[in-house]
Amino acid sequence: MPSAAGAGNDILARIMAPAMAEDLGVNIKVVNKEGGNQVIGLNALASAKPDGLSLGFTNIPSIFGRYLDPSKKAGFDRESFAPTGSFALNDIVIGVNKDSPYATTQELFDAVKASPGTITVGTDSRAGDDHVNLRTIEKELGLEANIVHYNSGADKIAALVSGEVDFALGGVSSFIGQAKSGEINVLSVLSDVPSPFFPEVTTLSEQGFEVAPMSNNFAVSVPAGTPAPTVAALEAALQAATEDPDVVTALENAGTVPNWMPAADVATLWEEREATTKPIIEELIAGE
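Residues numbered from 1 in each chain as written. Predicted model: local features only at pLDDT ≥ 70, side-chain atom pairs only at ≥ 80, totals over all residues. Heavy atoms only, no water.

Peer 1: Now, about the packing of aromatic side chains: what can you tell me, with residues and values included?
Peer 2: Counted according to the given criterion, the structure contains 7 aromatic pairs. Aromatic pair F57 and F87: ring centres 5.6 Å apart, planes at 50 degrees, arrangement tilted. Remark: F87 occurs in strand β2 (residues 81–97) and F57 occurs in strand β1 (residues 56–57); sequence separation between them is 30 residues. Of the two residues examined, F57 and F87, each falls in the buried class. An aromatic cluster is built from F64, Y67, F76, F81 and W270, whose rings are joined through pairwise contacts. (Phe/Tyr/Trp six-rings, centres within 6.5 Å; stacked < 30°, edge-to-face > 60°. Helix = DSSP H or I, 4+ residues; strand = E, 2+ residues; numbered from the N terminus. Buried < 20%, exposed > 50% of the residue type's maximum accessible area, 1.4 Å probe, protein only.)

Peer 1: Would you mind going over helix α8 (residues 228–242) in detail, with residue names and values included?
Peer 2: Relative to the 21 Å expected for 15 residues at 1.5 Å per residue, α8 spans 21 Å between its end C-alpha atoms, a close match to the ideal helical length. Here α8 has its buried residues at V231, L234, E235, A237, L238, A241 and T242. End-on, the buried residues of α8 take up no more than an arc of 165 degrees, which puts them together on one face. Counted as exposed and oriented over 90 degrees from the buried face of α8: A228 and P229. Each element contacted by the buried residues of α8 is listed here: α1 (8–24), β2, β7 (215–223), α9 (245–253), β8 (257–261) and α10 (263–286). (Expected span 1.5 Å × (residues − 1). Arc of directions from axis to C-beta. Contact = heavy atoms within 4.5 Å.)

Peer 1: Give me the lowdown on unusual backbone geometry, citing residues and values where you can.
Peer 2: Peptide bonds are, in most cases, trans, and in most cases residues other than glycine have a negative phi. Here the residue pair I60 and P61 is connected by a cis peptide bond, since its omega of 15 degrees sits within 30 degrees of zero. For P61, the location among the structural elements is in the loop between β1 and α3 (64–67). Here Q38, not a glycine, exhibits a phi torsion of approximately 80 degrees, which is positive. Look at K73: it is not a glycine, yet its phi comes out positive at around 50 degrees. Looking at the element boundaries, K73 is found in the loop between α3 and β2. The class of K73 is exposed, set by a relative accessible area of 71%.

Peer 1: Account for the environment of F209, with residues named and values stated.
Peer 2: Within the secondary structure layout, F209 lies in the loop between β6 (184–189) and β7. What makes F209 buried here is its relative accessible area of 10%. Considered as a pair, F209 and N146 are 63 residues apart in the sequence and their alpha carbons are 20 Å apart. Those residues in contact with F209, other than ones at most four positions away along the chain, are T105, Q106, F109, L141 and L204.

Peer 1: Got a sec to walk through the nonpolar core? Specific residues and values, please.
Peer 2: The biggest cluster of nonpolar side chains holds 23 residues, and the ones touching the most others in it are L108, F109, I137, F167 and L190. Elements with a minimum of two residues in this core: β2, α4 (105–114), α5 (129–141) and β5 (167–171). At 4 residues, α4 tops the list of elements feeding residues into this core. When neighbours within four sequence positions are excluded, I137 is seen to be in contact with F109, G142, L143, L169, L190, V211 and M214. The next biggest cluster of nonpolar side chains, apart from the first, holds 20 residues, and it includes M1, I15, M16 and V247. (Core = buried A, V, L, I, M, F, W, Y, C linked by side-chain atoms within 4.5 Å.)

Peer 1: Residues and numbers for the pattern of salt bridges, please.
Peer 2: The tally for this structure, following the rule as stated, stands at 9 salt bridges. Here R78 ties to E79 by a salt bridge, and the two come within 3.2 Å at their closest N and O atoms. On the basis of relative accessibility, which here comes to 55%, the residue E79 falls in the exposed class. The shortest N-O distance in the salt bridge between D99 and K98 comes to 3.1 Å. On the accessibility criterion, D99 (59% relative accessible area) is exposed. Judged by relative accessible area, which is 45%, K98 ranks as partly exposed. Each of the salt bridges in this network shares a partner with another, and the network as a whole consists of R135, E138, K139 and E283. (Salt bridge = Lys/Arg side-chain N within 4 Å of Asp/Glu carboxyl O.)

Peer 1: I'd like a rundown of the side chain of S195, residues and numbers included.
Peer 2: If you trace the backbone, S195 turns up in the loop between β6 and β7. You can call S195 buried: its relative accessible area is 1%. Setting aside residues up to four positions removed in sequence, S195 forms contacts with D91, V172 and V189.

Set out below in structure tokens:
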């Protein structure tokens, strides 16, 4: 697990691990190797022996910023991993502090347009999925915010709650706790349909903003070179866990949408989304 204990990814790992362990008839231990915007943990996964005994989260698209950004000095790329499947989706939302003067997305975007480079927005890392999604929105809608990078999604949400930034963008699972407690107001969902967790919040397109839908896939991979039968066994266990009613409930309680995607489809999605994300990250890096 390339994230800290208690982080969103870690919570999901501790939901999935026991269910997979039961199917496989073995113990699965969640080992946290945090740091370097997940690069340390992902390096450990990529360099592990390809025997099926090491697997970890390679979330799409957040992993792109870890190896497409040269400053991260990652020792891996897409070819370093073999996906076993994806078990859930995370809708992307835009949120503001409960005391924010912006009650709607229109009011927020109007303020950004009126004062280019002034309104602050938090991301969970430079060249990560938040950053890429924000730049995509800015380019498509003609906006220019003051982007502030944090070391993690938890730090980003803390900054939003404290009023350190004016708004933030990210996955539902990062926002849901503070949204339920009333510390954050969710203004819009960047999806084709409303989020089941915020059914009252309309999508960005329903509010009149033409932006392509965005979501995160929680994918699990093993090191490249892992024997095909081993990958297939792990894929079957991950699918069985994803379809377990207790796991479904736990994933939903954690703010994610249970959604099974086979290994081959994850590999295709990874390649396609990397191709569209790479030029955006290169532009981000060139402009800084």
